[in-house]
Every structure is written in structure tokens, then in C-alpha cells.
Amino acid sequence: MLPREELLKGVENRDTIARVIDQAEQAIKTWEVVLTDFLSPPELAEINRVFSRLTDVQLVPWGGYPQAERQRMAIARSEIPLDQSQVDLVALEIAGNFLFDTATHRDFLGAMLGTGIVREKTGDIIVLGERGAQVIVIPELAEFLQMNLQQVRSVPVKTQVIDLQELKVREPKKKELTTVEASLRLDAIASAGFGMSRSKMVTFIESGDVRVNWKDVNQASSQVKSGDLIAIRGKGRLEVGEIAVTKKDRYRVQLTRYI
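Bear in mind that the values here come from a model prediction, so they are computed numbers and not experimental data. Every residue gets a number counted from 1 within its own chain, in the order that chain's sequence is written. A pLDDT threshold of at least 70 governs which residues receive local features in this predicted model, and a stricter bar of 80 or more applies before side-chain atom pairs are shown or counted, although totals over entire chains, interfaces and linings include all residues. Calculated side-chain values reflect all of the structure's heavy atoms, with hydrogen atoms and water omitted.

Caption draft 1: Here's a closer look at the sheet that holds strand β3 (residues 72-77). With antiparallel pairing, 3 strands are arranged side by side in an open sheet as β1-β3-β2. Since the sheet does not close on itself, it has two edges, and those belong to β1 (34-35) and β2 (57-62), each with one partner. Here helix α2 (residues 14-30) sits on the sheet and contacts β1, β2 and β3; the angle it forms with β3, its principal contact strand, is near 40°. Note on contacts: a residue pair qualifies if any of its non-hydrogen atoms lie within 4.5 Å across the two residues. Fitting a line to C-alpha atoms yields each axis, with helices limited to the stretch in contact; the angle taken between N-to-C directions then spans 0 to 180 degrees. By definition, any uninterrupted DSSP run of H or I lasting at least four residues is a helix, any uninterrupted run of E lasting at least two residues is a strand, and each is numbered from the N terminus. Strands in contact with helix α3 (residues 41-51) are β2 and β3; relative to β2, the strand with the most contacts, it is inclined by about 160°. Here a strand pair is declared whenever DSSP counts at least two bridges between the two strands.

Caption draft 2: Region of the structure containing empty space enclosed by the protein. Two kinds of site are reported from a 1 Å grid over the protein atoms alone, namely cavities, where a 1.4 Å probe fits but cannot get out, and pockets, open sets with protein on both sides within 12 Å along at least five of seven lines, and residues are called lining when an atom falls within 4 Å of a point. Grid points are joined across faces, edges and corners, and a volume is the space filled by probe spheres set on the points. Tallied over the full model, the rule gives 1 cavity of 30 Å³ or more. Around the largest cavity, the lining residues are Glu 12, Asn 13, Pro 42, Glu 46, Trp 214 and Lys 215. Residues were grouped as follows: Ala, Val, Leu, Ile, Met, Phe, Trp, Tyr, Cys and Pro as nonpolar; Asp, Glu, Lys and Arg as charged; and all remaining residues, including Gly, as polar. Split into classes, the residues belonging to the lining of the largest cavity amount to 2 nonpolar, 1 polar and 3 charged.

Caption draft 3: Quick peek at the pattern of salt bridges. Any carboxyl oxygen of Asp or Glu within 4 Å of a side-chain nitrogen of Lys or Arg constitutes a salt bridge here. Applying the stated rule across the entire model yields 13 salt bridges. For Arg 49, the salt bridge identified is with Glu 46, shortest N-O distance 3.4 Å. With Arg 49 and Glu 46 both in helix α3 and 3 residues apart, the pair spans about one turn of that helix. Under the scheme applied here, a residue whose accessible area is under 20% of the maximum for its type counts as buried, over 50% as exposed, and between as partly exposed, the area being computed with a 1.4 Å probe on protein chains only. Looking at Arg 49, the relative accessible area reads 39%, which means it is partly exposed. Owing to a relative accessible area of 3%, Glu 46 belongs among the buried residues under this scheme. Note that Asp 101 and Arg 153 form a salt bridge whose closest N and O atoms lie 2.7 Å from each other. Residue Asp 101 is found in the loop between β4 (90-95) and α4 (105-113), and its partner Arg 153 is found in the loop between β7 (151-152) and β8 (155-156); the two are separated by 52 residues along the sequence.

Caption draft 4: View of the packing of helix α6 (residues 186-194) against helix α7 (residues 198-206). Contact geometry for α6 and α7: axes closest at 9 Å, N-to-C directions at 110°. Classified by the angle between their axes, α6 and α7 sit roughly perpendicular to one another. The handedness of the crossing between α6 and α7 is right-handed. For the pair α6 and α7, contact is made by Leu 186, Asp 187, Ala 188, Ala 190, Ser 191 and Phe 194 and by Arg 198, Met 201, Val 202 and Ile 205, respectively. Residue composition of the contact of α6 with α7, grouped by class: 7 nonpolar, 1 polar and 2 charged. The scheme is simple: roughly parallel for angles under 35 degrees, roughly antiparallel for over 145, roughly perpendicular for 65 to 115, oblique for anything else. Put simply, a crossing is left-handed when the front helix is turned counterclockwise from the back one by less than a right angle, and right-handed when it is turned clockwise.

Caption draft 5: How the structure looks around the packing of α2 against α3. For the pair α2 and α3, interaxial distance at closest approach is 10 Å and the crossing angle is 50°. Overall, the two elements α2 and α3 adopt an arrangement that is oblique. Judged by the twist between their axes, the crossing of α2 over α3 is right-handed. Seen from α2, the contacting residues are Thr 16, Ile 17, Val 20, Ile 21 and Ala 24; seen from α3, they are Glu 43, Glu 46, Ile 47, Val 50 and Phe 51. Within the contact of α2 with α3, the residues separate by chemical class into 7 nonpolar, 1 polar and 2 charged.

Caption draft 6: Quick look at unusual backbone geometry. Phi angles above zero are rare outside glycine, and Arg 153 is one such case at about 55°. Judged by relative accessible area, Arg 153 falls into the partly exposed class, the value being 46%. We note that Asn 213 has phi near 55°; this positive angle belongs to a residue other than glycine. Structurally, Asn 213 can be placed in the loop between β11 (210-212) and β12 (215-216). Classification of Asn 213 by relative accessible area gives partly exposed; the value is 28%.

Caption draft 7: Fine view of the domain arrangement of the protein. Annotation of the protein at the domain level lists domain 1 (4-86), domain 2 (90-166) and domain 3 (174-258). The domain boundaries here were taken from an automatic or database domain assignment. Distance from the C-alpha centre of domain 2 to the C-alpha centre of domain 3: 35 Å.

Caption draft 8: Structural view of α2. The span you would expect from a helix comes to 1.5 Å times its residue count less one. With 17 residues, α2 should cover 24 Å at 1.5 Å per step; its first-to-last C-alpha distance of 24 Å lies within 8% of that length. Where α2 is concerned, the buried positions are Thr 16, Ile 17, Ala 18, Val 20, Ile 21, Gln 23, Ala 24, Glu 25, Ala 27 and Ile 28. As for α2, its buried residues are in contact with α1 (4-8), β1, α3, β2 and β3.

Caption draft 9: Local environment of the environment of Val 217. Within the fold, Val 217 resides in the loop between β12 and β13 (229-232). Along the primary structure Val 217 and Glu 5 are separated by 212 residues, whereas in three dimensions their C-alpha atoms are 26 Å apart. Discounting chain neighbours no more than four positions away, the residues touching Val 217 are Leu 186, Ile 205, Val 210, Arg 211, Val 212 and Ser 222.

Set out below in C-alpha cells:
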């Protein structure tokens, strides 16, 4: 048995973590590979942190492509070979003519949930503009959605299975930069990385639009460290790289911005 209460101490996503602990215990007991539902980035980050202390169980996440935000996890005993190919996923194309009635990520998600399925069974949604979208789901949903997902907004759609290799994923653009700051405050580092004024960044932070390592942060004075990932809704992400102290006791920070 895993040290459940110790693992759950101080976690934010308690129900999700408890469910994954149950699945990990099942994997240890049965010597089988057990799969979770799709997990959000904050849940994935917390699960990785919680389970990093354990040596008798291993977890492999996969969402269909390298940058996928929502991923399932394969869980197995540490003695069992485990890789991404054991995470069962299916890709679907939702094809229609959206030229005159543009649909967003929210529209496609809403249409899928409107068929009666739950969010935990669906992964990322890749919107293709006027041609529709591609979605990743658990295999058990493929046939159901092919039969029941027939309209998004006012547009009739045809839903069909495609190969994961056919996903039209746009590679994120990267921009490397260096900034020198008096402190490692979130507002200072993020404003430099995203190329905006510090006062505007404070507004983003205080309005709840900024996450650090997938956790909402609303204190502009929060300190960042090397390895942190800063995300602003609709603005992309910023990774904090190496931090060095200059001769004038300022901080030289390497940053990578993903657009």
C-alpha cells in the first residue's frame, strides 16, 4: 500500500490525486498497466511532484503529440517496461465548412460535451479555422462521437477517426532573451519576458490571468526561480532559464518565450 495520507498532504487537486493513488495501487497489485483519464497541466504537475518520491511505481504521460497540454498517464510497477505507446488515444477530425460561422475551441468543446460525454475523457482540441478541428479522446469514445457529434454552432459536421500522425500541430515559436533586473519578482521578470510595461503586467497578475507552473498566482511580488514556467492567458508562455548575480548585485536572467 502507498502512503496515501502522506502523499495527499498539502495537495490542491486532492480528488484527482487520490484517484491516481488508487490506480497506482491497482497497477502495483495486478502487475498491469493502468491508464488515467485526461489530466490538466496543473494536475499533471502536481502528480509528478507527489509521485517523484516513490520508487515502486512509474508514470508515463502522453497526449498524442509532444506539446499536448491535456495528457493521460500510464501507471505501472517500476519493473515493467513502459512507454508512450501504451497510452491509448484516438484522434478525431471534426470536418465542416466554418467559413461563414467561425467556431472556437470553446464551441467545439461545448458541442462534444453536449453529446453527454465528460471533459475528463477528452484531450486537446486543435482548431483548424474554417475547416473544423481535430480532437484527441479515449478510444472508447470514438464510435460514440462519430455517431452523435453532427453539428458545431450552426455548421453540420462529419466526425471521423484519423491517425495521430495526421494531427496538424503548429510548432511553437521560440524567442531567447536576457534581462537584468534588481529583483526576481514575478512582475519584473514577466514584464521583461513578455515585452510589456510592469504596470500592465501587474494588472494581468492581479486579475488572475497569470499562472506559474500551472498554478494561479495573483501576487506581483511573488519570487520566480530557474525552471519556472510563466503563462499568461492568450499571450503564450515564458520559461525562466539560468539566473546569475552580476557584480552590482542585480540578476541576469535567461528567458525563453514560447509564442
